[in-house]
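Commentary on secondary and tertiary structure
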Amino acid sequence: MTTYAVIGAGAVGGFYGAKLAQAGHDVHFLFRDDAEHVRANGLEVLSVDGDFTLTDVSSHSDWSTIPQCDVAIVAVKSTANADVAPLVDSVVRPGGAILLIQNGLGAEPLFAEAAAEGVEVIGGLAFINSERTGRNQVTHMGNGGLTIGAYRDGYAAAGVTEWMTTIAADYEGTSVPIQLEADLILGRWTKLLWNIPFNGLSVVLRASTADIMGNEQSTELVATIMDEVIAAAAADGRELPEGLANLMLEVTRTMEPYATSMKVDLDNGRPLEVESIVGEPLRRGLSLGASLPVIETLYRELCFINVQLTAPATSG
């Protein structure tokens, strides 16, 4: 049976790791300051698919106590990648895999460079509404699908690998649907079609998804940004499905008011994932000849907000 280490056991990593543990897999969670609390009280998952609590959780406060596992699930914010990437190799056995569940673009090359030879890096795209609502509690409000695709240099299409099918098989019998993506960059652009406009505008406008979709001008702005994402993907040799943008707009219109991950970070005074969600896709698209004026403007505004958010407080 596959063994897993979960680095970043929050709203996303905590949920996907808990599902594997519930299915009987040996899962080790890095909880840092909350490790002892989780060991004593278990890990509680409040889910639309059914609540459950894990007892006897293998909860760690430090990397050094995590044994080498077959797969490391990394679900930290991209702002922590530079610190985390050099450490992940210590918890992955030779020939194992790193499953990087993050928003945005550009993290896989960093982890691939830091990984030992023979360790496969797999990108993960989580389509989930969840929050960490307590020191030992994750609340899952909807969705939950996970798309995974192997990384190759330059984001070349890798096809379906053995590690991808192994991970998918481990989730069989859980409520987590797994989609195997033969071309990781296509999957990344597909998710960016929603993430760039809604994460970006939720911060700039200080708005929920319902606020954005309830205003004609902001809805038109979302559609314009989506057109630019489609153009960037096309410049990258990837054609997004026709009608996908309109489908995403309609689905978002029917959603309960939702705060994007970047808006949650803003509200909590945390650094924003500007570079991974907007900056890196923008740079890649521009380098390939795409015209992206609205995304460029959005990126500049987000950079300004991020600097103000992270600037040290001054007195007097």
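See the structure above.
Parameters at a glance
- Residues numbered from 1 in each chain as written.
- Predicted model: local features only at pLDDT ≥ 70, side-chain atom pairs only at ≥ 80, totals over all residues.
- Heavy atoms only, no water.
- Axes fitted to C-alpha atoms, helices over the stretch in contact; angles between N-to-C directions.
- Helix = DSSP H or I, 4+ residues; strand = E, 2+ residues; numbered from the N terminus.
- Left-handed = near helix turned anticlockwise from the far one by under 90°.
- Contact = heavy atoms within 4.5 Å.
- Expected span 1.5 Å × (residues − 1).
- Buried < 20%, exposed > 50% of the residue type's maximum accessible area, 1.4 Å probe, protein only.
- Phe/Tyr/Trp six-rings, centres within 6.5 Å; stacked < 30°, edge-to-face > 60°.
- Lys NZ or Arg CZ within 6 Å of the ring centre and 35° of its normal.
- Core = buried A, V, L, I, M, F, W, Y, C linked by side-chain atoms within 4.5 Å.
- Pairing = 2+ DSSP bridges.
- Right-handed = clockwise from strand over helix to strand, strands pointing away.

To continue, consider the packing of helix 6 (residues 184–204) against helix 8 (residues 216–235). Geometry of a packed helix pair, given as the angle between the helix axes and the separation of the axes. Between helix 6 and helix 8, whose axes approach to 9 Å, the crossing angle comes to 145 degrees. Every pair of crossing elements has a handedness; the one defined by helix 6 and helix 8 is right-handed. Within the contact between the two elements, helix 6 uses W189, L192, L193, W194, I196, P197, F198 and L201 and helix 8 uses S218, L221, V222, I225, M226, V229, I230, A232 and A233.

Relative to the helices and strands, E301 is located in helix 12 (residues 293–310). Considering only alpha carbons, one finds E301 and A23, 278 residues apart in sequence, at a separation of 44 Å.

Residues spaced three or four apart along an α-helix face the same direction, because each turn holds 3.6 residues. With 20 residues, helix 8 extends 29 Å from end C-alpha to end C-alpha; this agrees with the ideal 28 Å at 1.5 Å per step. Among the residues making up helix 8, those that are buried are S218, T219, V222, I225, M226, E228, V229, A232 and A233. The elements touched by buried residues of helix 8 are helix 6, helix 7 (209–213), helix 9 (244–254), helix 11 (274–287) and helix 12. Looking one or two places after helix 8, you find G237, whose phi comes out positive at around 80 degrees.

Below, the discussion takes up the packing of aromatic side chains. Enumeration over the complete set of coordinates arrives at five aromatic pairs. Geometrically, the ring pair formed by Y16 and Y171 is edge-to-face, given 6.5 Å between the ring centres and 90 degrees between the ring planes. Placement of the pair is Y16 in helix 1 (residues 13–22) and Y171 in helix 5 (residues 162–171), with a sequence separation of 155 residues. Both residues of the pair, Y16 and Y171, count as buried. Judged by centre distance (4.7 Å) and plane angle (25 degrees), the ring pair of W194 and F198 falls under stacked. Here the residue W194 and the residue F198 both occupy positions in helix 6, the gap between them amounting to four residues, near one helical turn. Grouping residues by exposure puts W194 and F198 together as buried. One aromatic cluster is present, built from ring pairs that chain together F15, Y16 and Y171. Positioned over the ring face of F127 is K191, at 5.2 Å from the centre of the ring.

With that settled, consider the nonpolar core. V74, V88, I98, F111 and W189 are the most contacted members of the largest nonpolar core, which has 64 residues in total. The element best represented in this core is helix 6, accounting for ten residues. Here V88 is in contact with W63, A72, V74, I98 and F111, once residues within four sequence places are set aside.

The element strand 9 (residues 137–150) is extensively covered by neighbouring structure, given that twelve of its 14 residues are classed as buried. With four bridges connecting them, strand 3 (residues 43–47) and strand 9 associate as parallel partners. By the bridge assignment, L46 is partnered in strand 9 with T139. Where strand 8 (residues 120–134) lies against strand 9, twelve bridges are found, and the strand directions are antiparallel. When the sheet's bridge partners are listed, G123 is paired in strand 9 with G149. Handedness of the β-α-β unit built from strand 9, helix 5 and strand 10 (residues 178–180) comes out right-handed.

Once that is clear, we can look at unusual backbone geometry. The phi angle at D56 is positive, at roughly 55 degrees, despite the residue not being glycine. Within the secondary structure, D56 is located in the loop between strand 4 (52–54) and strand 5 (58–60). When its relative accessible area of 77% is taken as the criterion, D56 is described as exposed. Within the chain, Y155 stands out as a residue other than glycine whose phi angle is a positive 60 degrees. Position of Y155 among the secondary structure elements: in the loop between strand 9 and helix 5. When its relative accessible area of 5% is taken as the criterion, Y155 is described as buried.

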